[in-house]
Amino acid sequence: GDSVTQMEGPVTLSEEAFLTINCTYTATGYPSLFWYVQYPGEGLQLLLKATKADDKGSNKGFEATYRKETTSFHLEKGSVQVSDSAVYFCALSALRSNDYKLSFGAGTTVTVRA
Amino acid sequence: DSGVTQTPKHLITATGQRVTLRCSPRSGDLSVYWYQQSLDQGLQFLIHYYNGEERAKGNILERFSAQQFPDLHSELNLSSLELGDSALYFCASSVTGSGDTQYFGPGTRLTVL
């Protein structure tokens, strides 16, 4: 079945450091890929998405490129801020049994220190 | 703010009890999904409704049921509650339910004592 594997956290960084969170997936066909972010005490917010190979999703300084050859969708940000402290989830959506649902990775907790 | 609302925000109850969680989708969205987030199992898909009809089931226990009403709001009913049902329950909505982006509500935190 479909699955998403994220690098394990927690990840602790200093402000202005470079952030990368690895995400690889297993799925047949051509899933859509997503990054969601969960700030403390809040629900999940869509951060960015890509729907086909070589697409790059970007938002709020974060970027991720859909790489079909390596089945990856790594999240990057060049200079993090304290406000980026959150849990980040990689997810995929694919048509299975005539329906779409999201399959999530385990989440990566990121803490940015001033 | 995603536009998806969930009530209540917190719920504390005892084992064996029954609770109802409510979700109102974004205006114009026909699909509602329910997910459970727990420490041991992560985020798991429970069930999907589209325009009032059940579209797909995931890892949903038989003690749990859901429905979507004509005004498109949805309710998740959890009965014979066990300690292990303590979790965050999210609903999400999308326009078509055919692979378009799902927008999540703030969640309901259920604690079973």
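For the structure itself, consult the block above.
Residues numbered from 1 in each chain as written. Chains lettered and ligands numbered in written order. Predicted model: local features only at pLDDT ≥ 70, side-chain atom pairs only at ≥ 80, totals over all residues. Heavy atoms only, no water.

Student: So, the overall build of chain B: which residues are in play, and what are the values?
Tutor: The helix and strand tally for chain B stands at zero helices and 11 strands. Counting from the amino terminus, chain B carries its helices and strands in the arrangement β-β-β-β-β-β-β-β-β-β-β. For 113 residues, the compact-globule formula gives about 13 Å, and the C-alpha radius of gyration of chain B, at 13 Å, lands near that figure. Counting only C-alpha atoms and orienting by the principal axes, one finds that chain B spans roughly 35 × 30 × 25 Å. Relative to its 113 residues, chain B shows a buried fraction of 49%. Residue pairs at least 24 apart in sequence account for 54% of intrachain contacts in chain B once pairs closer than 6 positions are excluded. For chain B, the exposed area adds up to about 5,300 Å²; of that, 48% sits on carbon and sulfur atoms. (Helix = DSSP H or I, 4+ residues; strand = E, 2+ residues; numbered from the N terminus. Rg over C-alpha atoms; globule rule 2.2 N^0.38 Å. Buried < 20%, exposed > 50% of the residue type's maximum accessible area, 1.4 Å probe, protein only. Contact = heavy atoms within 4.5 Å. Areas by Shrake-Rupley, 256 points an atom, 1.4 Å probe, with all protein chains shown as cover.)

Student: Provide a residue-level description of the state of the cysteines, including the pertinent values.
Tutor: Evaluation of the coordinates by the stated rule reveals two disulfides over all chains. A disulfide bridge connects A:C23 with A:C90, and the sulfur atoms are separated by 2.0 Å. On the sign convention where negative is left-handed, the bridge of A:C23 and A:C90, at about -70 degrees about the S-S bond, is left-handed. Note that A:C23 is positioned in strand β4 (residues 23-26) and A:C90 in strand β10 (residues 86-96), a separation of 67 residues in sequence. Per residue, the accessibility class of A:C23 equals that of A:C90, and both read buried. Disulfide pairing places B:C23 opposite B:C91 at an S-S distance of 1.9 Å. (Disulfide = S-S within 2.5 Å.)

Student: Which residues make up the nonpolar core, and what values go with them?
Tutor: Side chains that are nonpolar tend, in soluble globular proteins, to be buried together. Core analysis: the largest hydrophobic core is formed by 27 residues, its most contacted members being A:W35, A:F73, A:L75 and A:Y88. Secondary-structure elements contributing two or more residues to this core are β2 (11-14), β3 (19-21), β4, β5 (32-38), β6 (44-50), β8 (62-65), β10 and β12 (108-113) of chain A. Those residues within four positions of A:F73 in sequence are excluded, and the remaining contacts are A:C23, A:L33, A:F34, A:W35, A:L48, A:K49, A:A50, A:A64, A:T65, A:Y66 and A:C90. Of all hydrophobic cores here, the second largest spans 21 residues; its members include B:L76, B:L78, B:A87 and B:L110. (Core = buried A, V, L, I, M, F, W, Y, C linked by side-chain atoms within 4.5 Å.)

Student: Outline the interface of chain B and chain A, listing residues and values.
Tutor: Across the boundary between the two partners, chain B contributes 19 residues, which contact 17 residues of chain A. Buried surface at the junction of chain B and chain A, both sides included, amounts to about 1,400 Å², of which 58% is carbon and sulfur. Sorting the residues of chain B by area buried against chain A places B:L43, B:T101 and B:F104 first, and these three jointly supply 35% of that buried surface. Between chain B and chain A we count zero salt bridges in total. The interface formed by chain B and chain A includes four residue pairs in polar contact (both at pLDDT 80 or more). Of the residues belonging to the side of chain B that touches chain A, the class tally is nine nonpolar, eight polar and two charged. (Buried area = accessible area lost by both parts, 1.4 Å probe. Salt bridge = Lys/Arg side-chain N within 4 Å of Asp/Glu carboxyl O. Polar contact = N/O pair within 3.5 Å; in protein donor to acceptor, adjacent residues only side chain to side chain. Nonpolar A, V, L, I, M, F, W, Y, C, P; charged D, E, K, R; others polar.)

Geometry only, nothing functional implied.
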